[in-house]
Amino acid sequence: MSTTTRISQWVRTSVKGLKPYASARDEFSDTSRPMVLLDANESPFETGVNRYPDPQQRALKTLLAGQLGVSEAQMLLGNGSDEVLDLLFRAFCEPYRDTVITLPPTFGMFKVLAGVNAVGHIEIPLDHNFQPDVKAVLDASGPNTRILFLCSPNNPTGNLMHPDRIRELVEGFSGLVVVDEAYVQFSASQELVADLKRYDNLVLIRTFSKAFGLAGIRLGLCMANPEVIRYLNRIKMPYNVNELTQQRALQVLSDPERVDRDVALLQAERQRLQEALRGLTLVQHIFPSEANFLLIRVDDATRRYTELLEAGIVARNRSSELQCENTLRITIGTPEENDRLLEALTQLDKTHLL
Ligand SMILES: *Cc1c(COP(=O)(O)O)cnc(C)c1O
């Protein structure tokens, strides 16, 4: 790189000069003709997975590039979004010096990873509509504030953040703005991908764990400007996405209609649940959701959580989160599972009214 970009100025010193480990599959990866592979000390006997996986997951990235309208150079895949988020800390934050900003109530992993990486952590609460307070965030950031974490649709609240507020933050924040879009497929807006071209500091995180139905294979996607991706590639483990995961993801991505159908069904069920829950006295508020879950405020979250458990239903008590007193987060299940939930809550509501 001839010029010093602001991205390179944000990179951790130890990473800036780092040469990544070159694996056998990095050095030779031509698949256009059959070769005798004696370069990686693998077993020659076929087990289906006796070869190391592609360290750059090219088949997967080609398919994703076509579907998402981004280039392969703008993508990095990881062992769940958890790994991708951790890589961002390790590439862009200097331990014991830099800080990141999160906006509670939000996904707990941002804070955990800040702690694990010995990176400072500033919390600027979301406003009463669970939207970012742009001025407060920008006022709180300083020369060593490296990453701002947003989550849209937000977990645990379910709402989408206004794209215009996100853009204001991306434009005003001197560091990476990471938007975790784990639930974006369930929302009405997926417009931020197009902004990747405009902003060198915008980073989008997606996961295969929710809409794609692949939580068990551990696969996460980071989309950003190619320079950000190059730094992440420098520090990632060579074979961070295993062969079985790559194969399974390819299978699911090649049938996008199936995923669309699942998402549409869950959206319809979300609507049905919202309407049914509105009729219950013990439910005091249903927060608007663009995700595959509902956050509801009940009369007594601890009690209702326990009663649901007794009825064989596990919800998540989010009451300890900021502005989430007496709330339960309930994932949208199959129609049958949602019926079970409604039956249980209706039963509890009857005794509640006595
Ligand atoms: C579920 C979820 C994820 C998924 O993480 P994986 O490691 O990819 O399974 C990421 N971010 C948020 C906000 C989530 O709720």
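This one's a predicted model, so the numbers in the text were calculated from it and none came from an experiment.

Rules of the game
Residues numbered from 1 in each chain as written. Predicted model: local features only at pLDDT ≥ 70, side-chain atom pairs only at ≥ 80, totals over all residues. Heavy atoms only, no water. Near = heavy atom within 4 Å. Polar contact = N/O pair within 3.5 Å; in protein donor to acceptor, adjacent residues only side chain to side chain. Areas by Shrake-Rupley, 256 points an atom, 1.4 Å probe, with all protein chains shown as cover. Helix = DSSP H or I, 4+ residues; strand = E, 2+ residues; numbered from the N terminus. Pairing = 2+ DSSP bridges. Contact = heavy atoms within 4.5 Å. Axes fitted to C-alpha atoms, helices over the stretch in contact; angles between N-to-C directions. 1 Å grid on protein atoms, 1.4 Å probe; cavity = no way out; pocket = protein on both sides within 12 Å on 5 of 7 lines; lining within 4 Å. Points joined across faces, edges and corners; volume = space filled by probe spheres on them. Buried < 20%, exposed > 50% of the residue type's maximum accessible area, 1.4 Å probe, protein only. Arc of directions from axis to C-beta.

Residues in close proximity to the ligand total 13 residues, the closest being S81, Y183, T207, K210 and R218. In the environment of the ligand, an oxygen atom lies 2.7 Å from a nitrogen or oxygen atom belonging to the side chain of S209. Contact distances for the ligand include 3.3 Å between an oxygen atom and a side-chain N or O atom of K210. For the ligand, the accessible surface in isolation is 390 Å², of which the surrounding protein chains cover 92%. Ranked by the residues each element gives to the shell around the ligand, the list is headed by helix α5 (residues 80–92), at three residues.

Once that is clear, we can look at the sheet that holds strand β11 (residues 327–331). Pairing within the open sheet is antiparallel, and its four strands lie in the order β8-β9-β11-β10. At either margin of the open sheet sits one strand with a lone partner, and together these are β8 (283–286) and β10 (316–317). Sheet analysis places β8 next to strand β9 (residues 293–298), joined by three bridges and oriented antiparallel. The partner of V283 across the bridge, within β9, is V298. Packing of helix α12 (residues 301–310) onto the sheet brings it into contact with β9, β10 and β11, and relative to β11 it is tilted by some 35°.

The volume enclosed by the largest pocket comes to roughly 480 Å³. Taken together, 24 residues make up the lining of the largest pocket; nearest its centre are R25, T31, Y52, D54 and R58. Those elements that place two or more of their residues in the lining of the largest pocket are α4 (58–68) and α10 (243–253).

Looking now at α12. The periodicity of an α-helix, 3.6 residues per turn, causes residues three or four places apart in sequence to face the same way. Taken together, the buried positions of α12 are occupied by A301, R304, E307 and L308. Projection of α12 onto a plane perpendicular to its axis shows the buried side chains occupying an angular sector of 130°, all on one side. Turned more than 90 degrees from where α12 packs its buried face, T302 and E310 sit exposed. Of the residues trailing α12, G312 is marked for its positive phi of about 85°.

Now for helix α9 (residues 226–235). Along α9, the residues that are buried comprise E227, V228, I229, Y231, L232 and I235. Sitting at the head of α9, N225 places a side-chain oxygen 2.7 Å from the backbone nitrogen of E227.

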